[in-house]
Every structure is written in structure tokens, then in C-alpha cells.
Amino acid sequence: MTNSSDSAKRNTANPMWGGHYERAPDQWMQVINASIDVDRKLYAQDIEGSLAHAAMLAEQGILTRDEAAQITQGLHTIRAEIERGDMAWRTELEDIHMHVEHRLKELIGDVAGKLHTARSRNDQVATDFRLYVHQACTRNEALLRALMSALLTRAEEHAETIMPGFTHLQTAQPVTLGHHLMAYVEMFGRDLSRFADARARMSESPLGAAALAGTSFPLDREKTAQTLGLTRPMRNSLDAVGSRDFALEFLGASAICAQNLSRLAEEFVLWSSAPFSFVKFTEAFTTGSSIMPQKRNPDAAELVRGKTGRVYGALIALLTTMKALPLAYNKDMQEDKEPVFDATETLQLCLPVMAGMVGDFTANAARLRETAAQGFSTATDLADWLVRTLGIPFREAHHITGRIVREAEARGCMLHEVPLEAMQQAEPRITADVFTVLSVEHSVASRTSFGGTAPARVKEAIMEARKRYGV
């Protein structure tokens, strides 16, 4: 026969399973098992899910209205305590769920234990985490729109500012700075759609799946899903508690977005260097040197570029964690939140920083135009003229143009400075009319195909993008 002191000893072993376990876990087991240092960031989502669950239980007659009211009031009190910094975080309580439940019992007594009716920590954490990621998508979309708005403003300002277009970081053809910035609008627009698509797919509620098999209680899972702002309950209880692909999709979208930010950051680093001198940033987004007083370092851009690795690492970490887990829940999945939290915070720092840099730079239009004219950047315009005017097949026109470029290199002059007589040695039918197409201004203005760099096309693209993205 077990006496009351033995029962008390077992119950102190663990507040959740003290009835089965008779001794407390080893201290290192407590440390490795606890996740409260990480998952306490989910306190708002945990309380939100508990409020929805309690309301539904009352509507279904599983809790009385009075019990639900006590639980609801207690949960609101706990949320206020956490937000004031008054919650005492304890390793032995393991996670945010048990902290809330333990504190709720302190506030309202044994009625607190009824909140866990028809749910498990498995569906509880899946719901909390899904809500967090769902909300992170929404926040990322807002930050992306702000960045895209900044890019559109600068693109409009520089729709006619000529700059060199590069392939292999070698001068290729003249473009406009506005056109170049609009490329990033398109890239970030796809990032925006990826987060929106991911958010739509993850808009399902695991709550009510319980540990893995569902529950015998008559739940209204449609109701809790709607209360939580989600579209529907998840259709399979094993999938509900055992899957984290919503977080992987979020991290995949985050990694691609971070890559796009890094590419723009890299261009800002290059463009603001002395050899390029394309743009200049103010003190707002640069730093000085402790030894070289002349320095203005693009540290903000370099940090955005550097932080990309953290977001990549988060994706690889969670992919690795999930790659061989049998259904349904496994404790390995406790490792899902830290990489997502870090990637979220990293990206939500980098996006406004990059928006700030976009608004901060001053373009050196003269330098951009000068560089655009270098490297025989209108050679393709010469080849196109040969095709259009003389009817020469493009491949032959390409060879003729190559010989004229070689002549310009030998003379040490620009393409438009090669004498007509020298051009006619490569192709006798060339006339003086060819010089009308060899300026960078003509080259840019002639690129009127859809998606091209002609200023008129750039301005159309800006108007269309503002309408498409609502920015």
C-alpha cells in the first residue's frame, strides 16, 4: 500500500507524469530536455491557442461556462505577467506550455488542469509554432513591400540614368539604373509571393489532433481553426503533429530572400568602392575606420551579405533534423524552433536595413554614364544595324563587328571613334548612318522590347509594379 508521502514524492518528480515516474530526472536530463529558453518566445501563440481551445470546450459542453471564464481570465493574467517580465522561468517546467499551465493552476486552482482536456503538448506546440510562422510570413510580406516601394521610388528617379550593364562583371551593354533596380523589384516580388503562398498552405490548425490519433471528445476543430485566424483544421492527426514542412517552406523562402538581399548588398559594396564610384552612402549606413580617417565602409551592406549564411544554416539544420523521423512526434522536433526564430529575426533585420540603404544612396550619374560607354558596350547595336540595314545574317554581322572592335582596340579609341573608312575595310557597305546607333543614349532608348531597358519601358514597368504589388 502506498502512503501519502510516497505519493507526494512521485508527484514532485514531474508535474505531468508524476503518477508513473517515481524519481526526478538527472540534472543533465533536465537541461537537455528543457526548451523554455527558446520556446518562451511562443508565449503569445500558446495563450492564443489555449484561449481558443477553452472557448471551444465550453461551447461543446466539455467545460462549464464558469470553468472556461476562470481559465480565460487566468490566461489573460499570465500574458500580462509575461509581458511585464514577471514570469519566473524554471528549467524543471521544461517548456512554455507547462509554465503557462503551472502558473494557471497557481491562479485558479485545479480547474486549470481541465484546459488540457482533448489536447496534447504535441498538437499544442504544433499549433503554437504554426501560428508563429504564419505571422512571420505576414510580417515578412509587409517588410518586402516597404523595400520594394523604396526600390520603385529610386527606379522612377533614375529611369533615364544610364549605367553599364554587366555579364561576368564585364561591361556588356548600356542599361539604365532604373531598369537595374527594377530587376530587384521583380526578384523581391517573387519572394513576396513565396511567403504568401507558404502562408496560405500553412493556414491549417493542428489543434485537436491531440498526441497523434485525435480524441474521443466531441471537438469543433473548425471553430478553433477559425478563431485562430486559420482556414481549416488539418485533415490527418499524424500529419498534424508530425510534420514541419510549413517551417521548412518558410525557411526555404527566407533563404532565397536572403540570397536576393545579399546580391543587392554585394552590388552596393562594389558600387560604393573607389574603383566603381557609382554611388555614395551617407553616414547613416556606413562606418569609419579607427586608423584610416578617410574610410567610409559599407558595413550595413556587408552585414546583410554576411547574415545570409545564418538563414541558409537554419534551413539546412531543420532539413537535417527532419530527414529520417518516423511519424508522428519525436523529441528531435524540439530542435525546430531555434533555427526558425533566428532566421526570422535575421531576415526581419536585413529587410528594413536594405530598404534604408536603397533610400540613402546618391548616384554618380556622370560616372555611371562614362563607364557605360567603355568596353565597346554598343557593339551589339553595330551588329544589329548590319542586320537591319544591310540584311546581313546576325552570325556574319557578329564577325564583322568583332573585326571593327579589334580595330578600335588597336587605335585605343571608342567604337564610335573608329573612322568610317576603317569600318568599311571590314564591310564596304557600311555608311555614315552607322554612327547614329553607336551612342549609349541611342542604345538604351532602342531597347523597347517588353521588359527592356528603354526609359519609356522602365516607366511603364514601374507603374505596373506599383499596381501589381499595391506599393
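From a predicted model like this one, the values you see are computed outputs, not experimental measurements.

### Looking at helix α6 (residues 96-108)
Moving on, step 1. Across its 13 residues, α6 extends 18 Å between first and last C-alpha, which sits within 8% of the 18 Å expected from 1.5 Å per residue.
Moving on, step 2. Looking at α6, one finds that the buried residues are Ile96, His97, Met98, His99, Val100, Leu104 and Ile108.
Moving on, step 3. Close packing links the buried residues of α6 with α3 (36-39), α4 (43-59), α5 (65-84) and α7 (121-157).
Moving on, step 4. Once α6 finishes, Gly109 follows within two positions and takes phi at roughly 85°, a positive value.

### Description of a nonpolar patch on the surface
Moving on, step 1. Together, Leu212, Leu238 and Leu327 line one region of the surface with nonpolar side chains, adding up to about 270 Å² of accessible area.
Moving on, step 2. Mapped onto the secondary structure, Leu327 falls in the loop between α12 (299-322) and α13 (337-360).
Moving on, step 3. Given the relative accessible area of 61%, Leu327 is considered exposed.

### Section: the packing of aromatic side chains
Moving on, step 1. Following the criterion strictly, the structure yields twelve aromatic pairs and no others.
Moving on, step 2. Both rings, one in Phe268 and one in Trp271, keep their centres 6.2 Å apart while their planes meet at 65°; by these two values the pair is edge-to-face. Placement of the pair is Phe268 and Trp271 together in helix α11 (residues 245-271), with a separation of three residues, close to one helical turn.
Moving on, step 3. A network of ring pairs unites the aromatic residues Phe166, Phe268, Trp271, Phe276, Phe278, Phe281 and Phe361 as a single cluster.
Moving on, step 4. Seen from the ring of Phe361, Arg154 lies directly overhead, with NZ or CZ sitting 4.1 Å from the centre.
Moving on, step 5. It is Lys337 that lies over the ring of Phe129; its NZ or CZ is 5.6 Å from the centre.

### What to know about the side chain of Arg244
Moving on, step 1. In this fold, Arg244 is placed in the loop between α10 (237-242) and α11.
Moving on, step 2. Under the relative-accessibility criterion, Arg244 is labelled buried at 2%.
Moving on, step 3. In this structure the side chain of Arg244 is engaged in a polar contact, spanning 3.5 Å, whose partner is the backbone oxygen of Val241.
Moving on, step 4. Setting aside chain neighbours within four positions, we find Arg244 in contact with Val125, Ala126, Phe129, Met322, Tyr329, Met333 and Asp336.

### Some thoughts on the packing of α7 against α11
Moving on, step 1. It is at 10 Å that the axes of α7 and α11 come closest, and there the two elements cross at 25°. Of the possible angle classes, the one that applies to α7 and α11 is roughly parallel. As α7 runs across α11, the sense of the crossing is left-handed. In contact with Ala126, Phe129, Arg130, Val133, Ala136, Cys137, Asn140, Leu144, Leu147 and Leu151 of α7, α11 contributes Phe246, Ala247, Phe250, Ser254, Cys257, Leu261 and Leu264.
Moving on, step 2. Considered class by class, the residues forming the contact of α7 with α11 number 14 nonpolar, two polar and one charged.

### Focus: the environment of Glu92
Moving on, step 1. Here Glu92 is to be found in the loop between α5 and α6.
Moving on, step 2. Taking the C-alpha atoms as reference points, Glu92 and Val31, 61 residues apart in sequence, are found 8.4 Å from one another.
Moving on, step 3. A polar atom in the side chain of Glu92 sits 2.7 Å from the side chain of Arg90.

### Details of the nonpolar core
Moving on, step 1. By size, the foremost hydrophobic cluster in this structure holds 95 residues, and its most contacted members are Leu261 and Phe268.
Moving on, step 2. Among the elements that line this core, the one with the most residues is α11, at 15 residues.
Moving on, step 3. Among all residues touching Phe268, those that are not within four sequence positions of it are Phe281, Ala301, Met354, Met357, Val358 and Phe361.
Moving on, step 4. Listed in part, the 23 residues of the second largest apolar core include Phe376, Leu382, Ala397 and Leu415.

### A short note on the side chain of Arg121
Moving on, step 1. Assignment of secondary structure puts Arg121 in helix α7.
Moving on, step 2. A polar side-chain atom of Arg121 sits 3.1 Å from a polar atom in the side chain of Glu94.
Moving on, step 3. At 2.5 Å, the side chain of Arg121 forms a polar contact with the side chain of Asp95.

### Topic: the pairing of strand β1 (residues 162-167)
Look at any regular strand and the pattern is simple: side chains alternate between the two faces of the sheet.
Moving on, step 1. Direction of pairing for β1 relative to strand β2 (residues 170-176): antiparallel, over a ladder of six bridges. When the sheet's bridge partners are listed, Phe166 is paired in β2 with Thr171.
Moving on, step 2. What sits between β1 and β2 in their antiparallel hairpin is a turn of two residues, with His168 showing a positive phi close to 60°.

### What about unusual backbone geometry?
Moving on, step 1. With an omega of 10°, the peptide bond between Leu327 and Ala328 qualifies as cis.
Moving on, step 2. Positionally, Ala328 belongs in the loop between α12 and α13.
Moving on, step 3. Within the chain, Ala118 stands out as a residue other than glycine whose phi angle is a positive 70°.
Moving on, step 4. Considering the arrangement of structural elements, one finds Ala118 in the loop between α6 and α7.
Moving on, step 5. Positive phi, close to 60°, is recorded for His168, a residue that is not glycine.
Moving on, step 6. By the secondary structure assignment, His168 is in the loop between β1 and β2.

Definitions and limits used
- Residues numbered from 1 in each chain as written.
- Predicted model: local features only at pLDDT ≥ 70, side-chain atom pairs only at ≥ 80, totals over all residues.
- Heavy atoms only, no water.
- Helix = DSSP H or I, 4+ residues; strand = E, 2+ residues; numbered from the N terminus.
- Expected span 1.5 Å × (residues − 1).
- Buried < 20%, exposed > 50% of the residue type's maximum accessible area, 1.4 Å probe, protein only.
- Contact = heavy atoms within 4.5 Å.
- Patch = residues over 30% accessible without salt bridge, like charges linked within 9 Å, V, L, I, M, F, W, Y side chains within 5 Å.
- Areas by Shrake-Rupley, 256 points an atom, 1.4 Å probe, with all protein chains shown as cover.
- Salt bridge = Lys/Arg side-chain N within 4 Å of Asp/Glu carboxyl O.
- Phe/Tyr/Trp six-rings, centres within 6.5 Å; stacked < 30°, edge-to-face > 60°.
- Lys NZ or Arg CZ within 6 Å of the ring centre and 35° of its normal.
- Polar contact = N/O pair within 3.5 Å; in protein donor to acceptor, adjacent residues only side chain to side chain.
- Axes fitted to C-alpha atoms, helices over the stretch in contact; angles between N-to-C directions.
- Parallel < 35°, antiparallel > 145°, perpendicular 65-115°, else oblique.
- Left-handed = near helix turned anticlockwise from the far one by under 90°.
- Nonpolar A, V, L, I, M, F, W, Y, C, P; charged D, E, K, R; others polar.
- Core = buried A, V, L, I, M, F, W, Y, C linked by side-chain atoms within 4.5 Å.
- Pairing = 2+ DSSP bridges.

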